[in-house]
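Coordinate inspection notes
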Protein chains: 2
Amino acid sequence: MKATLMYGAGDVRVEQVRDSTITEPTDALVRITATCVCGSDLHPYGSMSPDDGPAHMGHEFIGIVEDIGAEVTTLRTGDLVVAPFAFSDGTCQFCRAGLQTSCEQGGFWDGLPGEGGQAEAIRVPLADGTLFPLPVAADSALIPSLLTISDVLGTGYHAAVRGGVRQGSTVTVVGDGAVGLLAVLSAKRLGAEQIILMGRHQARTDLGREFGATDVVSARGDEGVAAVRDLTGGFGTNVVLEAVGHLPAYEQAFGVVRVGGTISRVGVPQYDDAPIGFASLFGGNVTLTGGPAPSRAYMEELLPPILDGSIEPGKVFDATTDLDGVPGGYRDMADRTSLKVLVTP
Amino acid sequence: MKATLMYGAGDVRVEQVRDSTITEPTDALVRITATCVCGSDLHPYGSMSPDDGPAHMGHEFIGIVEDIGAEVTTLRTGDLVVAPFAFSDGTCQFCRAGLQTSCEQGGFWDGLPGEGGQAEAIRVPLADGTLFPLPVAADSALIPSLLTISDVLGTGYHAAVRGGVRQGSTVTVVGDGAVGLLAVLSAKRLGAEQIILMGRHQARTDLGREFGATDVVSARGDEGVAAVRDLTGGFGTNVVLEAVGHLPAYEQAFGVVRVGGTISRVGVPQYDDAPIGFASLFGGNVTLTGGPAPSRAYMEELLPPILDGSIEPGKVFDATTDLDGVPGGYRDMADRTSLKVLVTP
């Protein structure tokens, strides 16, 4: 079968690999019908050492169950399913607490040797806990939106939920990538009154306005912080959703958060040490929260508004390709000529 | 009048200074009847440059209102009052939100030139918002406990409240100083089921057990982390209350916090940059919160259980002196021969 391999920074190839098959009785084999390239894939695309490759890529997918292991009870061959970006048993204490990304038996797809979502098929471990059946056909017009619950919508929603966004909140979203834009949509859905989107790509910030942003700040650094403070009477916003993962984005976050407010990070931090002392967090009783989104936990909640059309998160896809076009998709996303690339294997 | 001045690290003197007087119509002049030395005073006692001195010391006190400015409406001469460790107007948006330490007009006592609580008298700005009347006499046996709502009980309670301690929580408290011990008492009061106190001074950890600690871990660093994990099935606790302020205490905190849990810091951070990346906070969806406690916000709530004897936070005082004994009090607390020194000017 065909699969996407990254050999190092900037070097993505689609190659023939051995076919995925079931190896554990709790596995399912899924024939992938829709997948995509993630903003987080751009981190290794920018920096991966050839010593760490080749790596199977892709962690967001929709597909058809082609085979199931003997112990799988909730799925049947032919089911259309979406997978979250981490697999999980659905039964451990952390899964029951809605923290499937910390499942005692689970893991992230990049920890599963020889499997990836940017491929024709994939072996899904812990299939009962991981996969979520979709009540539509594989060629439904809703597929792009439904694919976002795999990662980017779940992640934006997690940012907003963990950040405590509620009716009347003021919110800054740092980053105009797909996760940032869907953090805007999520904040709007949870009742935020003012949503300031910090981003500099007008096509993206226009979509952000469509999703609910009330203001756009294109400046960065101190100038960007000053602009957000100008928009908030000098005080900053109750909540800041950080959807980038680089240190300057975190610095912007504590620059614009209000006293007593919350910074919720969902951009995977590309740094370890960062300011958390008196001047940044402590003095103003600022809370820092967030982490890898347990997308699986939000699927039941996010499915209905997609089915009834009240949200259209699939608008973040601005390009579509087949598997052979995946390397070009990485390049376009890295060059910022594409926001997010949908892949139909 | 006599007041306590710090001239540099290890150099505390009690000297005659000009008498405090009212300078603003919103001031009150308070004759101090009980004050104390704070664990946070030990930070400058260990490191203050003589270039930054002399500094008037002390930010916890009870006293009798001796004079009030023309605009003070809620206090009368002769009232016994306790002050929180920050003054605040009580009316701004942050005060109304219970964040008096971020009051738009307020400040910390060390920002008020020529005034300090380890003295015979003090000028209190924004007296209506700052001072809290006490329904007892100045020589009541409850004075030590009532003095703790000025800072150390309010701070321990803030740690527990911000940390989200509730019925059934598992909690680790890092630090066996007065704040750590009162964080134990606060966690117990909020319903924590397991309270692990990390500290190595047996007299203190014994008091911690009296306040509600279910376990004591005297080891530090990796060994201490392993001991807490052993006590919690390997998972750590839901909440960690960090009551020290040094980097190793923070490192211990993220070592023992459970996935999805919360670290609440009230020890004033003596560091700026620290680990907040994937391995420390992000990967496990750990929340970091806390800051300077708005003690004033908790006084109404903490007064009744002290008056009815259901809590006795004043037990943290293990020595009493007059003003002339203050320099010795600093020394004893720095040497860990005293836990906390009560001062009766």
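Conventions used here
- Residues numbered from 1 in each chain as written.
- Chains lettered and ligands numbered in written order.
- Predicted model: local features only at pLDDT ≥ 70, side-chain atom pairs only at ≥ 80, totals over all residues.
- Heavy atoms only, no water.
- Buried < 20%, exposed > 50% of the residue type's maximum accessible area, 1.4 Å probe, protein only.
- Helix = DSSP H or I, 4+ residues; strand = E, 2+ residues; numbered from the N terminus.
- Contact = heavy atoms within 4.5 Å.
- Least-squares fit on C-alpha atoms with pLDDT ≥ 70 in both.
- Pairing = 2+ DSSP bridges.
- UniProt positions renumbered as here; feature names shortened; annotations may be inferred.
- Buried area = accessible area lost by both parts, 1.4 Å probe.
- Salt bridge = Lys/Arg side-chain N within 4 Å of Asp/Glu carboxyl O.
- Polar contact = N/O pair within 3.5 Å; in protein donor to acceptor, adjacent residues only side chain to side chain.

Another aspect to go through is helix α11 (residues 326-334) of chain A. Those residues of α11(A) lying buried are A:Val326, A:Pro327, A:Gly328, A:Gly329, A:Tyr330 and A:Met333. Among the structural elements, β1 (2-8), β2 (11-16), α1 (42-47), β18 (319-321) and β19 (341-343) of chain A are those in contact with the buried residues of α11(A).

Below, the discussion takes up the side chain of B:Ser102. Inspection of the secondary structure assignment puts B:Ser102 in the loop between α2 (93-96) and β8 (107-108). In this structure, B:Ser102 is in contact with A:Val259, A:Gly283, A:Gly284 and B:Phe94, ignoring residues within four places of it in sequence.

Note on the identical chains: chain B maps onto chain A by a rotation of 180° and an axial translation of 0.0 Å, with an RMSD of 0.0 Å. Read as a symmetry element, the transformation amounts to a two-fold axis. When the interface residues of chain B are mapped onto chain A, 100% of them are again interface residues, pointing to one common binding face.

On a regular strand, each side chain points to the face opposite its neighbour's, so the side chains alternate between the two faces of the sheet. Residues and elements named next belong to chain B. Judged by which residues are buried, strand β6 (residues 80-83) turns out to be covered on both faces: Leu80 and Val82 on one side and Val81 and Ala83 on the other are all buried. Judged from the four bridges that link them, strand β5 (residues 61-68) and β6 form a sheet pairing that is antiparallel. By the bridge assignment for β6, Ile64 is matched with Leu80. As paired strands, β6 and strand β10 (residues 132-133) are joined by two bridges and run antiparallel to one another. Pairing of Val81 across the sheet is with Pro133, part of β10.

Now for the environment of A:Val65. All names here are of chain A. Looking at the element boundaries, Val65 is found in strand β5 (residues 61-68). Val65 gets classed as buried once you look at its relative accessible area, which sits at 1%. Taking the C-alpha atoms as reference points, Val65 and Gly314, 249 residues apart in sequence, are found 23 Å from one another. If we ignore the near neighbours within four places in the chain, the residues touching Val65 are Leu29, Arg76, Thr77, Gly78, Asp79 and Val81.

Below, the discussion takes up unusual backbone geometry. In the segment running from A:Gly53 into A:Pro54, the intervening peptide bond is cis, with an omega of -5°. Topologically, A:Pro54 is positioned in the loop between α1 and β4 (55-56). The backbone phi angle of A:Arg336 is positive, close to 65°, even though this residue is not glycine. By secondary structure assignment, the location of A:Arg336 is in the loop between α11 and β19. A residue is classified by how much of its surface remains accessible, and A:Arg336, at 44% relative accessible area, is partly exposed. In this structure, B:Asn285 takes a positive phi of about 50° despite not being glycine. By secondary structure assignment, the location of B:Asn285 is in the loop between α10 (278-282) and β17 (287-290). Residue B:Asn285 is classed as buried on the basis of its relative accessible area, which comes to 0%.

Before going further, it helps to examine the UniProt feature "domain: Alcohol dehydrogenase-like N-terminal" (unreviewed entry) in chain A. Per the UniProt entry, the sites bearing "domain: Alcohol dehydrogenase-like N-terminal" (unreviewed entry) are residues 25-128 of chain A in this numbering. The distance separating the terminal C-alpha atoms of residues 25-128 of chain A is 11 Å; by composition the span is 12% helix and 30% strand.

Another point: the interface of chain B and chain A. Counting from both sides, the interface comprises 40 residues of chain B and, opposite them, 40 residues of chain A. Here chain B meets chain A over a buried area of about 3,200 Å², counting both sides, of which 58% is carbon and sulfur. A per-residue breakdown of the area chain B buries against chain A is headed by B:Ile276, B:Phe282 and B:Asn285, which together make up 23% of the total. Between the two partners, chain B and chain A, sit zero salt bridges. There are 20 residue pairs in polar contact (both at pLDDT 80 or more) connecting chain B and chain A.

Below, the discussion takes up the UniProt feature "domain: Alcohol dehydrogenase-like C-terminal" (unreviewed entry) in chain A. UniProt records the feature "domain: Alcohol dehydrogenase-like C-terminal" (unreviewed entry) at residues 178-303 of chain A, using the numbering of this structure. Helix makes up 41% of residues 178-303 of chain A and strand 24%. Its end C-alpha atoms lie 18 Å apart.

Right, let's get into the pairing of strand β2 (residues 11-16) of chain B. All names here are of chain B. Pairing geometry for strand β1 (residues 2-8) and β2, over six bridges, is antiparallel. When the sheet's bridge partners are listed, Leu5 is paired in β2 with Arg13. Where β1 folds back onto β2 in an antiparallel hairpin, the turn is made up of two residues, including Gly10, whose phi is positive at roughly 75°.

Enumeration over the complete set of coordinates arrives at 18 salt bridges over all chains. A salt bridge links B:Lys315 to B:Glu210; the nearest nitrogen and oxygen atoms lie 2.3 Å apart. On the criterion of sequence distance, the pair formed by B:Lys315 in the loop between α11 (295-307) and β18 (319-321) and B:Glu210 in helix α7 (residues 202-211) is long-range, its members being 105 residues apart. Residue B:Lys315 is classed as partly exposed on the basis of its relative accessible area of 35%. The network of salt bridges with shared partners includes A:Glu210, A:Glu312 and A:Lys315.

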